[in-house]
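Chain and residue survey
So the chains spell out like this:
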Amino acid sequence: MKDHVVAISIDKIQTALFEVVKSGTQEKQTNSGTLRSIMAASRKISRDFYRDVGIEGDTGEFAGTVKEILLQCSGVCIFTTTCAEDEISKRLKRLFAKFYRESGGKLILKYVLFTEDVSTGNGKLKAIQSA
């Protein structure tokens, strides 16, 4: 049986972190202040990203509908979901808009939706490679 596979990644991470460093330099922040800003930006990109998507916690766009997490690493997640295709598209668009708005256009979400048989290890690997 084929599942809906969703792959989401954050684009422009390095640019966003560079902006944090650059703004700290321009504002003559101390090294510790700049480091705190970088850590906060990094936390938003990694930990908060998974909450916003819904693969962690219970408030994200896909909370309660994630069937299986195929890959999860900093700024990237690939998972299967029980949602219908049109509902997935709506949720992805809302998530894109949220990240764009909150980062002032500095962070862009890239995503893809496709169907794949992930009932076997080879199927899971194929889905990850396809994303």
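The notes below deal with the structure included here. Predicted model, so just to flag it, every value in this text is computed and none were measured. (Residues numbered from 1 in each chain as written. Predicted model: local features only at pLDDT ≥ 70, side-chain atom pairs only at ≥ 80, totals over all residues. Heavy atoms only, no water.)

1. Considerations on the overall build of the protein chain
When you go through the protein chain residue by residue, the secondary structure sums to four helices and four strands. Along the protein chain, from the amino end to the carboxyl end, the secondary structure elements read β-α-α-β-β-α-β-α. By residue count, 34% of the 131 residues in the protein chain fall in the buried class. Here the analysis covers contacts within the protein chain between residues at least 6 apart in sequence; of these, 61% occur between residues at least 24 apart. (Helix = DSSP H or I, 4+ residues; strand = E, 2+ residues; numbered from the N terminus. Buried < 20%, exposed > 50% of the residue type's maximum accessible area, 1.4 Å probe, protein only. Contact = heavy atoms within 4.5 Å.)

2. Regarding the sheet that holds strand β4 (residues 108–116)
One open sheet holds the four strands; their spatial order is β2-β3-β1-β4, and the pairing between them is antiparallel. Both outer strands of the open sheet, β2 (66–73) and β4, are each paired with one neighbouring strand and no more. On average, each strand axis in the sheet is inclined to that of its neighbour by 15°, with strand direction left out of account. With respect to the sheet, helix α3 (residues 85–103) is in contact with β1 (3–11), β3 (76–81) and β4, its orientation differing from that of β4 by roughly 165°. In the packing of helix α4 (residues 121–130) onto the sheet, contacts are made with β1, β2, β3 and β4, and the angle to β4 comes to roughly 145°. (Pairing = 2+ DSSP bridges. Axes fitted to C-alpha atoms, helices over the stretch in contact; angles between N-to-C directions.)

3. Looking at the packing of aromatic side chains
Applying the stated rule across the entire model yields four aromatic pairs. Ring centres of F49 and Y50 lie 5.4 Å apart, and the angle between their planes is 55°; on these two criteria the pair is classed as tilted. Judged by relative accessible area, which is 7%, Y50 ranks as buried. Arranged with centres 5.2 Å apart and planes meeting at 65°, the rings of F62 and F79 form a pair that is edge-to-face. On the criterion of sequence distance, the pair formed by F62 in the loop between α2 (31–53) and β2 and F79 in strand β3 is long-range, its members being 17 residues apart. Its relative accessible area of 0% is what places F62 among the buried residues. Exposure remark for F79: the relative accessible area of 0% places this residue in the buried category. Members of the aromatic cluster, joined through ring pairs, are F49, Y50 and F99. (Phe/Tyr/Trp six-rings, centres within 6.5 Å; stacked < 30°, edge-to-face > 60°.)

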